[in-house]
Amino acid sequence: MKILVIGSGAREHAICWKLKQSPALTELYCAPGNAGTARLGENLSIGSEEMGKLLDFAVSRQVDLTVVGPEAPLVGGLVDQFESAGLLVMGPSRAAAQLEGSKTFAKDFMRRHGIPTADYQTYTDPVAVDADLGRGRYRFPLVVKADGLAAGKGVFICPDLTSAQAAVNAVMRERQFGASGDRLVIEEFLQGEEASFMVFSDGRNYIPMVPSQDHKAVFDGDQGPNTGGMGAYSIDAILSPPTRDRVLREVIEPTIRGMAEEGTPFRGILYAGLMLTDSGAKVLEFNVRFGDPETQVVLPRLETDLLTILAGIARGDLSKIDIQWNSDAVVCVVVASGGYPGPYQKGKEIKGLEMAGEIRDTVVFHAGTAKRDGKTVSAGGRVLGITARAKSLDEAILRAYEGVNKVYFEGMYYRRDIAAKGLKKLTIDDL
Ligand code: AMP
Ligand code: GLY
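Residues numbered from 1 in each chain as written. Chains lettered and ligands numbered in written order. Predicted model: local features only at pLDDT ≥ 70, side-chain atom pairs only at ≥ 80, totals over all residues. Heavy atoms only, no water.

## Quick notes on the pattern of salt bridges
Inspection of every chain in the model, using the stated rule, returns 31 salt bridges. A salt bridge links Glu50 to Lys53; its shortest N-O distance comes to 3.1 Å. Residue Glu50 is classed as partly exposed on the basis of its relative accessible area of 31%. With relative accessibility at 47%, the residue Lys53 sits in the partly exposed group. Lys107 is paired through a salt bridge with Glu187; the nearest N and O atoms lie 3.2 Å apart. In this pair, Lys107 sits in helix H6 (residues 103-112) while Glu187 sits in strand S9 (residues 184-188), placing the two residues 80 residues apart along the sequence. A relative accessible area of 3% places Lys107 in the buried class. Several salt bridges converge on common partners, so that one network encompasses Asp222, Arg415, Asp417 and Lys421. (Salt bridge = Lys/Arg side-chain N within 4 Å of Asp/Glu carboxyl O. Buried < 20%, exposed > 50% of the residue type's maximum accessible area, 1.4 Å probe, protein only. Helix = DSSP H or I, 4+ residues; strand = E, 2+ residues; numbered from the N terminus.)

## Topic: the site of ligand 2
If you check the shell around ligand 2, you find Asp214, Tyr271, Asn287, Arg289, Gly291, Asp292, Pro293 and Glu294 and nothing else. Contacts to ligand 2 include Glu294, whose side-chain N or O atom sits 2.8 Å from a nitrogen atom. Surface burial for ligand 2 is 89%, taken as the share of its 200 Å² of free accessible area covered by protein chains. Across the shell around ligand 2, the residue classes break down as 2 nonpolar, 2 polar and 4 charged. (Near = heavy atom within 4 Å. Polar contact = N/O pair within 3.5 Å; in protein donor to acceptor, adjacent residues only side chain to side chain. Areas by Shrake-Rupley, 256 points an atom, 1.4 Å probe, with all protein chains shown as cover. Nonpolar A, V, L, I, M, F, W, Y, C, P; charged D, E, K, R; others polar.)

## What to know about the site of ligand 1
In the vicinity of ligand 1, 15 residues are found, and the nearest of them are Lys145, Glu187, Leu190, Glu194 and Glu285. Burial of ligand 1 by the protein chains amounts to 92% of its free accessible area of 470 Å². Elements with a contribution of two residues or more to the shell around ligand 1: strand S7 (142-146), strand S8 (155-158), S9 and strand S17 (280-287).

## Points about the nonpolar core
Of all hydrophobic cores here, the largest spans 73 residues; its most connected members are Leu4, Ile252, Val331 and Leu384. Look past the residues within four positions of Leu384 in its chain and what remains in contact with it is Val333, Val334, Val335, Ile350, Leu353, Val364, Phe365, His366, Ala367, Thr369 and Val407. (Core = buried A, V, L, I, M, F, W, Y, C linked by side-chain atoms within 4.5 Å. Contact = heavy atoms within 4.5 Å.)

## A look at the packing of helix H7 (residues 126-134) against helix H8 (residues 161-173)
Axis angle and axis distance: for two packed helices, these are the angle between their axes and the distance between the axes, and together they describe the pair. Closest axis-to-axis distance for the H7/H8 pair is 10 Å, and the angle between their directions is 175°. When the axis of H7 is compared with that of H8, the two are roughly antiparallel. For the pair H7 and H8, the contacting residues are Pro126, Val127, Val129, Asp130 and Leu133 in the first and Leu161, Ala164, Gln165, Val168, Met172 and Arg173 in the second. For the contact of H7 with H8, the residue count by class is 8 nonpolar, 1 polar and 2 charged. (Axes fitted to C-alpha atoms, helices over the stretch in contact; angles between N-to-C directions. Parallel < 35°, antiparallel > 145°, perpendicular 65-115°, else oblique.)

Spatial relationships are all this shows, so hold off on functional conclusions.
Here it is, written out as structure tokens:
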């Protein structure tokens, strides 16, 4: 099969890496891709939001299956357009992508279907928010969220009234997130540890993936501003068996069933961002695509052909596919440009990639990289995701950091405590 993967991050490199192992793959294209995907297939100079060009390419080259990585083309209706042109495409329709595209849609959907999530109130008028804040309707901390896509930046944890008012101003008056500031959600602050849980869904049936945990904050100990994700790991212990069963029963099943009942069946990758609170797991957010960096640690545990699964989703039938996972631990440490998520420099030559890739069971997934004069250079905030697999979590951590120590570029930065929380889980479980 000829496959087109849309996107340019380490997530897309990981998807291409796994697809490349499929005996059914004949040609692999990535639009626009990065220096890592260029080694696996052909990069196209078409951006992930250039819908017309992507469609022309898929039609003219008779692409058999298109896999969409990032959320923006999904929320923009790429799947609907490809399907109208008779193409097979893996991802939710524009209507189903509202689960990620609109916080108010997602919250109202959860309320309609009794899915556990933080209490919330939606606003369209900043004066009404100010009035409710002013008359002490809320307890602090609380969470202020811009309604639409904001590249992970439209969420403010507010410890007091002043910070909440500032967040409302940033979102609704200064319009820092554009049209995402038309509406705003105020949400109860949830305490606990986060977990990411993804499932493959064909609109009716779903198959769970193994759980994972992201590290969003830029500094060790979860300090500093949020980023796109500084690393992740996957071990089964992230969700205990009873918690996993409860999440399937209380979150995943009602979501898949509810979307189908409402006439917008969810076909694609459903990602539930969970907070594991004392009163059970609650949904922080839905994403309608593979997580990044979660995919980098989940796919190395998949023992089944990814192409068969993704084609099954796109065709609307996963029922005959038996999916197997290994019980290994996988750790991905993100190597970023110094300064990220603030301003940073690009174009720095990256050395040691080959050496890092030679470490056993280690893959260097590229994120923001490009080729220049035959050299691989940094081209984004998150540059590499060094990913190692091992029988135990401590071995996987050691191996991933061994890989990190082999690569170098000027100003590189990474967290030193990726997966440390996982070790604590194992210690508790083993007692
Ligand atoms: P979201 O994009 O909605 O997942 O929010 C981004 C991040 O903000 C989450 O990964 C959490 O770390 C944090 N967050 C969001 N909502 C809440 C909440 N209700 N309580 C505590 N933290 C939250
Ligand atoms: N890792 C969080 C996300 O993919 O949105």
